[in-house]
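Inside the fold
Listed below are the residues making up each chain.
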Amino acid sequence: MSRRVVVTGVGLLCPVGIGTEEVWKAIQAGKNGIGKITCFDPTAFACHIAGEVHGFEPGLYIEKKEIKKMGRFIHFGVAASEFALKASGLKVDESNEEQVGVYIGSGIGGFDVIEREYTEFLKHGPRRISPFFIPATIINLASGHVSIRTGAKGPNSAVATACTTGAHAIGDSFRIIQRGDADAMICGGAEACITPMGIGGFGAMRALSTRNIAPEEACRPWDKDRDGFVVGEGAGILILEELEFAKRRGAPIVAEMIGYGMSSDAHHVTAPAENGDGAYRVMKYALRDAKIDPSAIDYINAHGTSTEIGDRMETVAIKRCFGEHAYRVAVSSTKSMTGHLLGGAGGLEAGIAVLAIRDQMAPPTINHHAPDPLCDLDYVPNHVRPMKIDYALSNSFGFGGTNGAVVFKRYTE
């Protein structure tokens, strides 16, 4: 059994805004969300910049007594899920509770809580460790809290596949609905690791941009002057539903999900193969699953991290997968504005791809001023582009060589 799956709600929360429409408006405007780190003193670090979510008040979405039981990534996941559910109009009650599931992942989980509690342990010993420490940090608790809060009793799971997490959570949820194990899924990714150890760890790998004096220009995918990626935080959640289930309740159908691919580089812990083989195959598999020709794709929300090897690899993979059509498809990296949400990136960027279809707007890649000569596709430089988008693809690639791609189309009967 393979059932049609539609998107009925999108919930976004990231450095350029809190709430789906605020984020989408900022993305279309090319708003920069990167700035100097304010949540801790970064002076001792080589990288002083990140994409923080400013002005987020968890108490607007979570009861005061519950806030301390959750890491920041869970706060983000709960809030973004609320945005998505409100947009979809989906109400979980006794009539559907066993048919609605939750699948929200995180690449790293509660880094903020781990660091805070370990500091308390070192200072005061084990008696000062919070009883909420473990459930505040483990990755499946974003899904757990959303399930508890909504009453969704269907599949309740999570995935942790580094920067591919959000895409895999959405893709796995797509499969769950296709095979009839649920009629609706609240799915995506959330991340919050702008912490001393988070920035220090990526900095030790020499992976981060150190453009500290001009953070608004730091994330510049496919630009020859790029010097690394920028860590971001936030969440992206989709409401996926089986088509007839959505139609029966009069749900707003934003787009249809038609394809999902997974692959492995089988190459290196952190670096992709320069020939882009894993990225090429994941796009090929997603298109095969969608049963469409590569020439049907109008827009790609690329992984586009602003690293030299990653940008060049993805460009090579797109050329191999799409042939001559690679030069006609619009390819943009919204990470140029939001930074890299790691485990939350796939959810955020899938949501942006869906909104691009809804509004027929390809979002820009900002800071694209001096193109890398080895990256010569149409990266929608610097300005949003009104255009026909019937089919969109979103790419995610993660440490360990794990890849995911999801395909959406304009909904038609």
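A quick note: this is a predicted structure, and the numbers were derived from the prediction, not measured.

So, on to the pairing of strand 8 (residues 234–242). Counting buried positions along strand 8 gives 9 out of 9 residues, so the element sits mostly inside the fold. With burial as the criterion, each face of strand 8 is covered, one bearing G234, G236, L238, L240 and E242 and the other bearing A235, I237, I239 and E241. Of the pairings in the sheet, the one linking strand 1 (residues 5–14) to strand 8 comprises 8 bridges and is antiparallel in character. Counterpart to G11 in the pairing with strand 8 is I237. Sheet topology places strand 7 (residues 184–191) next to strand 8; 8 bridges connect them, and they run antiparallel. By the bridge assignment for strand 8, A184 is matched with E241.

Let's shift gears to the packing of aromatic side chains. Each aromatic ring pair is characterised by the separation of its centres together with the angle its planes make. Scanning the model with the defined rule gives 8 aromatic pairs in all. Here the aromatic rings of F56 and F76 are separated by 5.1 Å at their centres, their planes lie at 65°, and the arrangement is edge-to-face. Of the two residues, F56 sits in the loop between strand 4 (49–50) and helix 2 (64–67) while F76 sits in helix 3 (residues 72–88), which places them 20 residues apart along the sequence. Each member of the pair, F56 as well as F76, is classed as buried. Aromatic pair F202 and F399: ring centres 6.4 Å apart, planes at 55°, arrangement tilted. Linking F202 in helix 8 (residues 196–204) with F399 in the loop between strand 14 (391–398) and strand 15 (402–409), this pair joins segments that are 197 residues apart in sequence. Put simply, the rings of F56, Y61, F76 and F83 pair up and form one aromatic cluster.

Put simply, the largest pocket is a space of about 460 Å³. T270, P272, T305, T307 and F399 are, among the 29 residues lining the largest pocket, the residues nearest its centre. Here the lining of the largest pocket takes 5 residues from helix 11 (residues 308–322), the largest share from any one element. Taken together, the residues of the lining of the largest pocket break down into 12 nonpolar, 13 polar and 4 charged.

A few words on the side chain of R3. With respect to the helices and strands, R3 occurs in the segment before strand 1. At 3.0 Å, the side chain of R3 and the backbone oxygen of I177 are in polar contact. Not counting the four nearest positions on each side in its chain, R3 is found in contact with I177, Q178, G180, A182, D183 and E242.

Residue pairs three or four apart in sequence face the same way in an α-helix, which turns once every 3.6 residues. Between its first and last C-alpha, helix 13 (residues 345–359) extends 21 Å over 15 residues, near the 21 Å set by a 1.5 Å rise per residue. Counted residue by residue, helix 13 has 13 buried out of 15 residues, so it is predominantly covered. Q360 lies just past helix 13 and shows a positive phi near 55°.

Let us look at the pairing of strand 5 (residues 100–105). Judged by how many residues are buried, strand 5 sits mostly within the fold: 6 of 6 residues are covered. Alternating positions in strand 5 separate into two faces, V100, V102 and I104 on one and G101, Y103 and G105 on the other, with burial throughout. Alignment of strand 5 against strand 7, held across 6 bridges, turns out to be parallel. Across the sheet, the residue bridging to I104 is G188, located in strand 7. Across 2 bridges, the pairing between strand 5 and strand 6 (residues 156–157) is parallel. The residue bridging Y103 from the neighbouring strand is S157, located in strand 6.

Conventions and cut-offs
- Residues numbered from 1 in each chain as written.
- Predicted model: local features only at pLDDT ≥ 70, side-chain atom pairs only at ≥ 80, totals over all residues.
- Heavy atoms only, no water.
- Buried < 20%, exposed > 50% of the residue type's maximum accessible area, 1.4 Å probe, protein only.
- Helix = DSSP H or I, 4+ residues; strand = E, 2+ residues; numbered from the N terminus.
- Pairing = 2+ DSSP bridges.
- Phe/Tyr/Trp six-rings, centres within 6.5 Å; stacked < 30°, edge-to-face > 60°.
- 1 Å grid on protein atoms, 1.4 Å probe; cavity = no way out; pocket = protein on both sides within 12 Å on 5 of 7 lines; lining within 4 Å.
- Points joined across faces, edges and corners; volume = space filled by probe spheres on them.
- Nonpolar A, V, L, I, M, F, W, Y, C, P; charged D, E, K, R; others polar.
- Polar contact = N/O pair within 3.5 Å; in protein donor to acceptor, adjacent residues only side chain to side chain.
- Contact = heavy atoms within 4.5 Å.
- Expected span 1.5 Å × (residues − 1).

Honestly, that's just the spatial picture; any functional story needs more than this.
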